[in-house]
Amino acid sequence: MIALGADHGGYELKEAIKKHLDELGVSYIDCGTYSAESVDYAPIAKRTCDKVVSGECEKAILCCGTGIGISMAANKVKGIRAACCSDYFSAKLTRQHNDANALCMGGRVVGVGLALELVDVFLNTEFEGGRHQRRIDQIAEIENL
Ligand code: RB5
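Structural notes, computed from the coordinates.

What counts, and at which threshold
Residues numbered from 1 in each chain as written. Predicted model: local features only at pLDDT ≥ 70, side-chain atom pairs only at ≥ 80, totals over all residues. Heavy atoms only, no water. Salt bridge = Lys/Arg side-chain N within 4 Å of Asp/Glu carboxyl O. Helix = DSSP H or I, 4+ residues; strand = E, 2+ residues; numbered from the N terminus. Buried < 20%, exposed > 50% of the residue type's maximum accessible area, 1.4 Å probe, protein only. Phe/Tyr/Trp six-rings, centres within 6.5 Å; stacked < 30°, edge-to-face > 60°. Lys NZ or Arg CZ within 6 Å of the ring centre and 35° of its normal. Expected span 1.5 Å × (residues − 1). Near = heavy atom within 4 Å. Polar contact = N/O pair within 3.5 Å; in protein donor to acceptor, adjacent residues only side chain to side chain. Areas by Shrake-Rupley, 256 points an atom, 1.4 Å probe, with all protein chains shown as cover. Nonpolar A, V, L, I, M, F, W, Y, C, P; charged D, E, K, R; others polar. Axes fitted to C-alpha atoms, helices over the stretch in contact; angles between N-to-C directions. Parallel < 35°, antiparallel > 145°, perpendicular 65-115°, else oblique. Left-handed = near helix turned anticlockwise from the far one by under 90°. Contact = heavy atoms within 4.5 Å. Pairing = 2+ DSSP bridges.

Tallied over the entire structure, the rule returns ten salt bridges. Among the ionic pairs, Glu 15 bridges to Lys 18, the shortest N-O distance being 3.3 Å. Within this pair, Glu 15 and its partner Lys 18 are both found in helix α1 (residues 11–24), separated by three residues, close to a single helical turn. For Glu 15, a relative accessible area of 27% translates into the label partly exposed. Glu 23 is the salt-bridge partner of Lys 19, the closest N and O atoms lying 3.4 Å from each other. Here Lys 19 pairs with Glu 23, and both are found in helix α1, just four residues apart, close to one helical turn. Residue classification places Glu 23 among the exposed positions, given a relative accessible area of 59%. Here the salt bridges share partners, and the residues they tie into one network are Lys 14, Glu 15, Lys 18 and Asp 30.

One pass over the full model with this rule turns up zero aromatic pairs. Over the ring of Phe 122 we find Lys 59, and its NZ or CZ is 5.9 Å from the ring centre.

All right, on to α1 then. Between its first and last C-alpha, α1 extends 20 Å over 14 residues, near the 20 Å set by a 1.5 Å rise per residue. When α1 is considered as a whole, its buried residues turn out to be Tyr 11, Leu 13, Lys 14, Ile 17, Lys 18, His 20 and Leu 21.

Turning to the site of the ligand, a few remarks are in order. Taken together, the residues surrounding the ligand are Asp 7, His 8, Tyr 41, Cys 64, Gly 65, Thr 66, Gly 69 and Arg 108. At a separation of 2.6 Å, an oxygen atom of the ligand approaches a polar side-chain atom of Asp 7. For the ligand, whose unbound accessible area comes to 290 Å², protein coverage reaches 70%. For the shell around the ligand, the class distribution of residues is two nonpolar, four polar and two charged.

A word on the packing of helix α4 (residues 88–96) against helix α5 (residues 112–124). Packing of α4 against α5 leaves a shortest axis separation of 8 Å and a crossing angle of 20 degrees. In terms of orientation, α4 lies roughly parallel with respect to α5. By crossing handedness, the relation of α4 to α5 is classed as right-handed. Contact residues: α4 offers Tyr 88, Ala 91, Lys 92, Thr 94 and Arg 95, while α5 offers Glu 117, Leu 118, Val 121 and Phe 122. Its residues placed into classes, the contact of α4 with α5 shows five nonpolar, one polar and three charged.

A few words on the pairing of strand β3 (residues 59–64). Of all the six residues making up β3, six are buried; the element is thus mostly covered by neighbouring parts of the structure. Taking every second residue as pointing to the same face, both faces of β3 are buried, with Lys 59, Ile 61 and Cys 63 on one and Ala 60, Leu 62 and Cys 64 on the other. The pairing of strand β1 (residues 2–6) with β3 spans five bridges and is classified as parallel. If you follow Gly 5 over to β3, its bridge partner there is Leu 62. Inspection of the sheet shows β3 paired to strand β5 (residues 102–106) by five bridges, in the parallel sense. In the strand pairing of β5, Ala 60 is matched with Ala 102.

Right under this line is the structure:
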């Protein structure tokens, strides 16, 4: 199960991602927003990421205009490792090395075609563990300071 969230800047991209996931047969929960009307991204990041932290969803995909604001908000949620990506290599490596559990993209930055490639590689790439686990643990330690 994937948690999806977007503000108005990412709304159209979120809708395209929903269509893509439908075609792939991947289940998701749409945490809003549900129209192109202006809305704040931080509460949407929170309620989307809460689905991951609770275990209801495996990963989150978040979209805003740049992908940056919603990734900043997502990374404030304990247990979330959100990566703002606009290239294939980063979307792949953030799974392999960072065990990212939230992919953030900018609806005003990436085209739909690229965004769907990023979604695919993000969802299908495994964390490598090993030395990277230690680094993930160090990130988590910062949350507890
Ligand atoms: C909204 O205009 C825009 O600021 C927002 O979608 C996002 O890009 C913020 O980082």
